[in-house]
Amino acid sequence: MSSVAPAQLESTSVLAALRSPRRLRTEVLAGLVVALALIPEAISFSIIAGVDPRVGLFASFTMAVTIAIVGGRPAMISAATGAVALVVAPVVRDHGLDYLVVTVLLAGVFQIGLSLLGVAKLMRFIPRSVMVGFVNALAILIFMAQLPHLIGVPWAVYPMVAVGIAIMVFLPRFTRVVPAPLVAIVVLSVFAVLAGVDVPTVGDEGALPDSLPSLFLPQVPLTLETLQIVAPYAFAVALVGLLESLMTAKLVDDITETRSSKTREGLGQGVANLVTGLFGGMGGCAMIGQTMINVKVSGARTRISTFLAGGFLLVLVVVLGDIVALIPMAALVAVMIMVTVGTMDWHSVDPRTLRTMPLSATAIMATTVVVTVVTHNLAAGVILGVIVACLLFARRIAHFTEVVEVAHPDENTRVYAVKGALFFASSNDLVYQFDYAGDPENVIIDLSESQIYDSSTVAALDAIELKYRQRGKRVEVIGLNEPSRAWHSRLTGKLRAGAH
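Residues numbered from 1 in each chain as written. Predicted model: local features only at pLDDT ≥ 70, side-chain atom pairs only at ≥ 80, totals over all residues. Heavy atoms only, no water.

Caption draft 1: The arrangement of the side chain of His488 in detail. For His488, the position within the fold is in helix H21 (residues 482–491). Take His488: its relative accessible area is 12%, and that puts it in the buried class. Those residues in contact with His488 that sit more than four places away from it in its chain are Ile452, Val458, Leu461, Glu465 and Leu480. (Helix = DSSP H or I, 4+ residues; strand = E, 2+ residues; numbered from the N terminus. Buried < 20%, exposed > 50% of the residue type's maximum accessible area, 1.4 Å probe, protein only. Contact = heavy atoms within 4.5 Å.)

Listed below in structure tokens is the structure:
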């Protein structure tokens with residue numbers, strides 16, 4: 001049974017947007033703004049990967065158009081990304097473009113396979129502190145990516161960036177008919193051309209293609225050696241792409257207060273990478289910066305904006321390349337700075353919030369941010385953040401377990417009650433909480449207020465029984481609920497309790 005509310009279906013419906021001139025205008029203009037922002041990013045990522053700019057630009061086109069059709073999160077933008085570029089750079093450097101394309105194709109297959117296995121369901125295990133750290137790290141990385149365009153540049157860049165930011169801050173207070181980022185880009189571009197200001201432009205980032213993408217069949221031997229070369233990189237691309245895309249989808253869910261199919265999004269990413277590989281692209285995944293421009297800044301909500309972002313990108317670079325090349329980078333930097341401000345969870349770093357939040361939550365968030373920023377790898381930051389969260393959770397829960405003496409029915413019997421969750425972190429100390437020498441010959445351990453969660457607890461109970469038995473005393477375990485009884489009956493006596 002679908003749990004998607006009718007209001008959500010309406011807000012993300014393509015047909016509803018097509019019937020509403022106001023919403024359609026929002027989607028079209030959002031797609032245009034995103035396309036303009038994609039161009040310098042795609043060129044930069046191509047340079048990182050060590051390929052021609054057309055490889056990154058065509059990858060952004062095919063990823064955006066394909067994911068608009070098959071993806072699970074409406075309005076989310078997928079294109080060539082820095083994370084994927086960093087992973088595939090060694091393949092290009094050591095083996096060339098053909099092996100890169102094979103890597104992208106295999107990554108798509110891996111993503112489809114992992115999605116069918118239910119990897120998207122693992123998103124529920126990502127704590128809020130990791131999500132907040134992920135968002136803040138993204139904001140920092142987006143801003144850091146703008147620094148090369150702000151350092152060692154002509155002085156005119158700085159007032160242009162300031163004017164661009166001012167337009168995006170103040171224009172929405174008067175009108176939202178046209179997205180403020182688009183106005184900023186147009187105003188600054190016209191000014192730069194008419195005033196003849198010598199500032200870096202999009203054309204300075206790299207040559208724009210002048211032809212349409214075509215099918216590309218890689219010329220590589222279909223051997224086990226080829227598989228051994230590309231498989232590790234392909235699996236890394238698949239994991240990084242899925243993690244970034246699913247995290248971004250969850251973020252968009254929160255912003256738009258709608259739900260999306262994470263499994264479909266994972267499958268869509270795989271299909272999009274297969275299509276991208278067939279056209280000689282470098283692969284990609286969801287782009288947080290462009291997604292924030294589309295959803296948060298421009299207000300887009302449907303697949304129309306994503307599809308048009310890809311379509312506009314192709315038209316802009318192939319048909320209007322000479323005009324696009326004149327856009328000053330200062331305009332796009334201003335847009336991305338505003339994206340940074342909008343992406344950052346400022347409440348989470350407010351001193352008042354930090355004073356009230358548990359230290360563990362702050363540590364998890366800080367770990368995610370620091371690792372992501374230092375490595376420029378979102379997957380590494382999130383994975384390590386989740387590991388830290390699990391360790392801190394296990395440590396905290398372990399302290400909630402206690403053993404108390406509750407009764408002395410007669411002089412030969414003592415009853416202990418074990419309370420709390422019993423798993424590896426709490427049960428390892430369980431064996432030391434009984435008075436083996438001083439207890440009478442009959443000992444009852446009551447587990448009515450506890451729950452067995454793993455084999456470590458069964459091994460600990462076996463060790464306790466063994467210690468009493470070595471002293472000629474008898475132990476009875478009572479109060480097991482059904483799940484605990486299943487663990488205990490299946491494993492007791494089979495876990496080498498004597499090792500304790």
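Caption draft 2: Representation of unusual backbone geometry in the model. For Ala75, which is not glycine, the phi torsion reads 75° and is therefore positive. Here Ala75 lies in the loop between helix H4 (53–70) and strand S1 (78–79). The buried category is assigned to Ala75, whose relative accessible area is 2%. In this model, Glu257 sits at a positive phi of 55°, which is unusual for a non-glycine residue. Mapping Glu257 onto the fold places it in the loop between helix H10 (224–256) and helix H11 (262–278).

Caption draft 3: Molecular detail of a nonpolar patch on the surface. Taken together, Val186, Val190, Val193, Leu194 and Leu326 make up a surface patch of nonpolar side chains, about 470 Å² in accessible area. Note that Leu326 resides in the loop between helix H14 (321–324) and helix H15 (329–343). For Leu326, a relative accessible area of 45% corresponds to the partly exposed category. (Patch = residues over 30% accessible without salt bridge, like charges linked within 9 Å, V, L, I, M, F, W, Y side chains within 5 Å. Areas by Shrake-Rupley, 256 points an atom, 1.4 Å probe, with all protein chains shown as cover. Salt bridge = Lys/Arg side-chain N within 4 Å of Asp/Glu carboxyl O.)

Caption draft 4: Spotlight on the packing of aromatic side chains. Tallied over the entire structure, the rule returns 6 aromatic pairs. On the numbers, 5.5 Å between centres and 90° between planes, the contact of Phe110 with Phe235 is edge-to-face. Of the two residues, Phe110 sits in helix H6 (residues 97–116) while Phe235 sits in helix H10, which places them 125 residues apart along the sequence. Phe110 sits in the partly exposed class, given a relative accessible area of 25%. Residue Phe235 is classed as partly exposed on the basis of its relative accessible area, which comes to 37%. Within the aromatic cluster, the residues linked to one another by ring pairs are Tyr416, Phe434, Tyr436 and Tyr468. Taking NZ or CZ as reference, Lys467 lies 5.9 Å from the ring centre of Tyr436, over its face. The ring of Trp487 has Arg490 sitting right over it, with the charged end atom 5.3 Å from the ring centre. (Phe/Tyr/Trp six-rings, centres within 6.5 Å; stacked < 30°, edge-to-face > 60°. Lys NZ or Arg CZ within 6 Å of the ring centre and 35° of its normal.)

Caption draft 5: A look at the packing of helix H8 (residues 157–170) against helix H9 (residues 180–195). At their nearest, the axes of H8 and H9 sit 8 Å apart, and the two run at 145° to each other. Two packed elements cross with a definite hand, and for H8 against H9 that hand is right-handed. Residues Met160, Val163, Gly164, Ile167 and Met168 of H8 lie in contact with H9, whose contacting residues are Ala180, Pro181, Val183, Ala184, Val187, Leu188, Phe191 and Ala192. Residue composition of the contact of H8 with H9, by class: 12 nonpolar, 1 polar and no charged. (Axes fitted to C-alpha atoms, helices over the stretch in contact; angles between N-to-C directions. Left-handed = near helix turned anticlockwise from the far one by under 90°. Nonpolar A, V, L, I, M, F, W, Y, C, P; charged D, E, K, R; others polar.)

Caption draft 6: Representation of the sheet that holds strand S4 (residues 413–422). Strand order in the open sheet formed by 4 strands is S3-S4-S5-S6, with mixed pairing between adjacent strands. At either end of the open sheet lies a strand with only one pairing partner, and these are strand S3 (402–410) and strand S6 (474–478). When strand polarity is set aside, the average angle formed by the axes of neighbouring strands in this sheet is 25°. Bridging between strand S5 (residues 442–452) and S6 involves 5 bridges; their strand directions are parallel. Bridging across to S6, Asn442 finds its partner in Arg474. Against the sheet, helix H20 (residues 455–470) contacts S4, S5 and S6, and its axis sits at roughly 170° relative to S5. (Pairing = 2+ DSSP bridges.)

Caption draft 7: Focus on the pairing of S4. Most of S4 is tucked away, with 7 of its 10 residues classed as buried. With 6 bridges joining them, S3 and S4 adopt antiparallel strand pairing. By the bridge assignment for S4, Val403 is matched with Val418. Hairpin connection of S3 to S4: 2 residues between the antiparallel strands. In terms of strand pairing, S4 meets S5 through 9 bridges, oriented parallel. Bridging across to S5, Thr413 finds its partner in Asn442.

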